[in-house]
Structure formats: C-alpha cells, structure tokens
Amino acid sequence: MPDRIHTFLMGSAYANWARAGLAGDASGRRFERLTGADGRCVILMDTPPDGDEPLKQFLRIGRHLASIGLCPPETLLADESTGLLVIEDLGTMQFAQWLAVQPLDESRLYSSAIDVLVVVKNHAPPDGLVALTPAVAARMIAPLTEWYAPHVPLPPLIRALESALSRHAPDAEHLALRDYHAENLIWRPDRSGTDSVGLLDFQDAVLAPPEYDLVSLLRDARRDVSAAICEAMTVRFADQTGRDPVQTRAAMACLGVQRNLRILGIFARLALRDGKWRYLDLMPRVWAHVQHDLSHPALAELAPLINTQIPAPDAAFLAGFQTR
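Notes on the structure in this doc start here. In this text, all values refer to a predicted model and were calculated from it rather than measured experimentally.

**Topic: helix α9 (residues 227-241)**
Side chains that are three or four residues apart share a direction in an α-helix, a result of its 3.6 residues per turn. Here α9 contains 15 residues, and its C-alpha end-to-end distance of 21 Å stays within 8% of the 21 Å for a straight helix at 1.5 Å per residue. Looking one or two residues beyond α9, the residue adopting positive phi is Gly 242, at roughly 70°.

If you want it as structure tokens, here you go:
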C-alpha cells in the first residue's frame, strides 16, 4: 500500500476495508472500491496533487449538484493536499453496462439523463468557471493538429469554427459537466426521477451553451446511440428547456464538431504520448460523429476544410499512426 494512501485511511472507518482496483479513465486518476466486513462499499479516488485535475473543483461542483437535488457521490473523507478522497459508491452499473444487457431500456435511461440536464439548466451555475465562448471553444481543437493531423494548419480551422459557433452557439452561460456520457452515468433502477442517475467525472465543468452536455450524451465516443433515441432526446430537451428545435440542432452540430475534433486529438495524444492504444479503436466512431454534424448547413464554411485536409481514421491511417 502506498504510504500516502495508508496514512490517509489510517484511523478512519475505512482503514481495514478490503481494496480492489477499478478500471481507470483517460485522466491520471486511480480508483479503488473499498468493501467493509458488512458488505458496504465506498470508492477511493486518487488524484495526483501535482496534476491538472485538483480535487477542489470536483468537491465544489459536487456540492453544487447536490444543492440542486441531483446525485453526485457524497464526500466521506478528503485530503486535498494529497489528492485523496473517499466518496459514496453510487453503484456498479454504468449506463453503458446496463444497456449492453438491457438494450430495450435505452429510451428510459436517456430520458432520465435528459431530465438531469434540464435541472442543471434551470439553476444558476456556480461562480468562477471558465466560459467556453466561441473563441475559447474554437481554440480548444488545437490537439487535433498537434497530435492527430500535424501537417494541417490550425488557424483556418479555428476561424471557421469560431464563426459557426458565434452564429449558432454563442451563449456560454450554462453549467456543462463536460464529460456527460454513458460511462460516467450510473443507473440506479431502484430510484425514481433524477435520483436514478448517479453523476461522475464533473471536475472539468465549464460554462457553455446549453446544448453542450446534450452533445456529449448523444455523440458518445464510446457507444452508438440509436438515431431514433438521438432525435427523441433532442426533441425532449428542446421541449423541456423552451429551446427552438431548429436552433438546438444547429447548436448541436457546431458543438458536436468542436467537441469531437478535440477528442480526435486527445485520443491521439493518449495513444502516442501515454501508450493508451485502445483509444485508437474509438476514433472511427468519433469521425462518424464529425461527418454527421458537418453535413449541417451551419458548418458549410468548415466542412470543406475538414474533408479536404483531415484524414479519416480508416484502417490504413490507423496502421500508419502506430508507427509514429
């Protein structure tokens, strides 16, 4: 047991609980499930204190979500100086895992996820968050040309994307959890309403247009969401938030391209820099999302730049990619 974890748990109720590692994510964090003699479980989260994901933001956003009636994990023990946290175990079944065995529940789960977003939108966000203005959001695609397509000039892409975002998604005033997708949502079928959705991985929250997390949910890099569900959930979100459906779809297209061009770069970095080659397998789905959203008229200026300069992650490209 690393000294810092032993010291952290020593003297607490969890000092002698059994420990089992959990699968990690794209960040530098580690997770373990601690199980007591009575079968109760909690989660240990180990965030390197010198990294770029400090616990302070996780704790602050968690408090906000709880204050508006949603279900982030309760904090049970924390030491920000060491980056260690014990939190409530919200359950073992992610949306993605549940739907792998219960695919007919897709509408039920995604409807509940939309209802959570409606609650988030209906409450003022916490202070002090970075705003994803069109200019900021457009610059965030920089990993695309740094890691995925290093031969491509970035400035023309940024200008075209910023122009589209300025016209169709300029309203960066709403809380976005930012990684709101089927592997970060815990399904709790014994609960009702928004209590059925446990929330994870919200420490990167920002201010963004209201459709940002909707795009994160429906343009998922890790699982295919059916076209019927995408349409139904888009309509549900627009209806419940009072948004114009035409405006919502245009904003989703612009934000979807912004998000997924960045993701291509991030996945390339995870592979090349960190040796996490499994992320290459997700690139074709991400590219399909980009192509879907580029077909929207809102992106008429950006589409030819992407389609003539950015290579598709087909088998030949990915094979060559691994030789870099």
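**With respect to the sheet that holds strand β2 (residues 30-35)**
Spatially, five strands are ordered β1-β2-β3-β5-β4 in an open sheet, and the strand pairing comes out antiparallel. What marks the edges here is a single partner per strand, and that holds for β1 (18-21) and β4 (75-79). Adjacent strand axes in the sheet meet at a mean angle of 20° when their direction is disregarded. Pairing between β2 and strand β3 (residues 41-46): six bridges, direction antiparallel. Paired with Arg 30 across the two strands is Asp 46, which belongs to β3.

**Looking at the pattern of salt bridges**
Throughout the structure, instances matching the rule amount to 15 salt bridges. Arg 33 serves as the salt-bridge partner of Asp 89, at 2.6 Å between the closest nitrogen and oxygen. Of this pair, Asp 89 sits in the loop between β5 (84-88) and α3 (95-101) while Arg 33 sits in strand β2; the two residues are 56 residues apart in sequence, bridging distant segments of the chain.

**Here we look at the nonpolar core**
One finds Leu 65 and Leu 199 to be the most contacted residues of the largest nonpolar core, which totals 101 residues. The residues touching Leu 199, leaving out its near neighbours within four places in the chain, are Leu 65, Leu 70, Cys 71, Pro 72, Pro 73, Leu 90, Val 116, Leu 177, Tyr 180, Asn 184 and Leu 185. Listed in part, the 10 residues of the second largest apolar core include Leu 9, Tyr 14, Leu 44 and Leu 84.

**What to know about the layout of surface pockets**
The calculated volume of the second largest pocket comes to roughly 330 Å³. Taken together, 17 residues make up the lining of the second largest pocket; nearest its centre are Arg 219, Cys 230, Met 252, His 292 and Asp 293. Listing elements by their share of the lining of the second largest pocket, those giving two or more residues are α9, α10 (245-272) and α11 (283-294). It is α11 that contributes the most residues to the lining of the second largest pocket, five residues altogether. Tallied by class, residues from the lining of the second largest pocket come to six nonpolar, five polar and six charged.

**Quick notes on the packing of aromatic side chains**
Inspection of every chain in the model, using the stated rule, returns seven aromatic pairs. Their ring planes at 10° and their centres at 4.7 Å tell us that Phe 58 and Phe 202 sit as a pair that is stacked. Of the two residues, Phe 58 sits in helix α2 (residues 55-67) while Phe 202 sits in the loop between β8 (197-199) and β9 (206-208), which places them 144 residues apart along the sequence. When sorted by exposure, Phe 58 lands in the same class as Phe 202, which is buried.

**Thoughts on empty space enclosed by the protein**
Under the defined criterion, the tally for this structure stands at one cavity of 30 Å³ or more. In this structure, the largest cavity occupies an estimated 90 Å³ of space. Taken together, Leu 117, Val 120, Lys 121, His 174, Leu 175, Ala 176, Pro 209, Pro 210, Tyr 212, Asp 213, Leu 214 and Phe 237 make up the lining of the largest cavity. For the lining of the largest cavity, the elements supplying multiple residues, two or more each, are α4 (106-121), β6 (174-176) and α8 (212-218). Looking at the lining of the largest cavity, its residues break down into nine nonpolar, one polar and two charged.

**Details of α10**
Under the 1.5 Å per step criterion, the end-to-end length of α10 is 40 Å for 28 residues, consistent within 8% with the ideal 40 Å. Of all 28 residues in α10, 21 are buried; the element is thus mostly enclosed. Of the residues flanking the start of α10, the one acting as N-cap is Asp 244, its side-chain oxygen 3.1 Å from the backbone nitrogen of Val 246.

**Brief notes about the pairing of β2**
The pairing of β1 with β2 spans four bridges and is classified as antiparallel. Note on β2: the bridge partner recorded for Gly 21 is Glu 32. Count of turn residues in the β2/β3 antiparallel hairpin: five residues, of which Gly 39 carries a positive phi of about 90°.

**With respect to the pairing of β4**
Sheet topology note: the β4/β5 ladder contains four bridges and is antiparallel. The residue bridging Asp 79 from the neighbouring strand is Leu 84, located in β5. Where β4 folds back onto β5 in an antiparallel hairpin, the turn is made up of four residues, including Gly 83, whose phi is positive at roughly 75°.

**Some words on the environment of Ala 300**
Relative to the helices and strands, Ala 300 resides in the loop between α11 and α12 (303-309). When the C-alpha positions of Ala 300 and Val 257 are compared, they lie 12 Å apart, and in sequence the two are 43 residues distant.

**Digging into the packing of α9 against α10**
Following both chains from N to C, one finds α9 and α10 inclined at 120°, their axes separated by 9 Å at the closest point. Comparing the axis directions of α9 and α10 gives the class oblique. As α9 runs across α10, the sense of the crossing is right-handed. In this structure, α9 contributes Glu 231, Thr 234, Val 235 and Ala 238 to the contact, and α10 contributes Pro 245, Thr 248, Arg 249 and Met 252. Each residue belonging to the contact of α9 with α10 can be placed in one class, and the counts come to four nonpolar, two polar and two charged.

Reading guide: rules and limits
- Residues numbered from 1 in each chain as written.
- Predicted model: local features only at pLDDT ≥ 70, side-chain atom pairs only at ≥ 80, totals over all residues.
- Heavy atoms only, no water.
- Helix = DSSP H or I, 4+ residues; strand = E, 2+ residues; numbered from the N terminus.
- Expected span 1.5 Å × (residues − 1).
- Pairing = 2+ DSSP bridges.
- Axes fitted to C-alpha atoms, helices over the stretch in contact; angles between N-to-C directions.
- Salt bridge = Lys/Arg side-chain N within 4 Å of Asp/Glu carboxyl O.
- Core = buried A, V, L, I, M, F, W, Y, C linked by side-chain atoms within 4.5 Å.
- Buried < 20%, exposed > 50% of the residue type's maximum accessible area, 1.4 Å probe, protein only.
- Contact = heavy atoms within 4.5 Å.
- 1 Å grid on protein atoms, 1.4 Å probe; cavity = no way out; pocket = protein on both sides within 12 Å on 5 of 7 lines; lining within 4 Å.
- Points joined across faces, edges and corners; volume = space filled by probe spheres on them.
- Nonpolar A, V, L, I, M, F, W, Y, C, P; charged D, E, K, R; others polar.
- Phe/Tyr/Trp six-rings, centres within 6.5 Å; stacked < 30°, edge-to-face > 60°.
- Polar contact = N/O pair within 3.5 Å; in protein donor to acceptor, adjacent residues only side chain to side chain.
- Parallel < 35°, antiparallel > 145°, perpendicular 65-115°, else oblique.
- Left-handed = near helix turned anticlockwise from the far one by under 90°.

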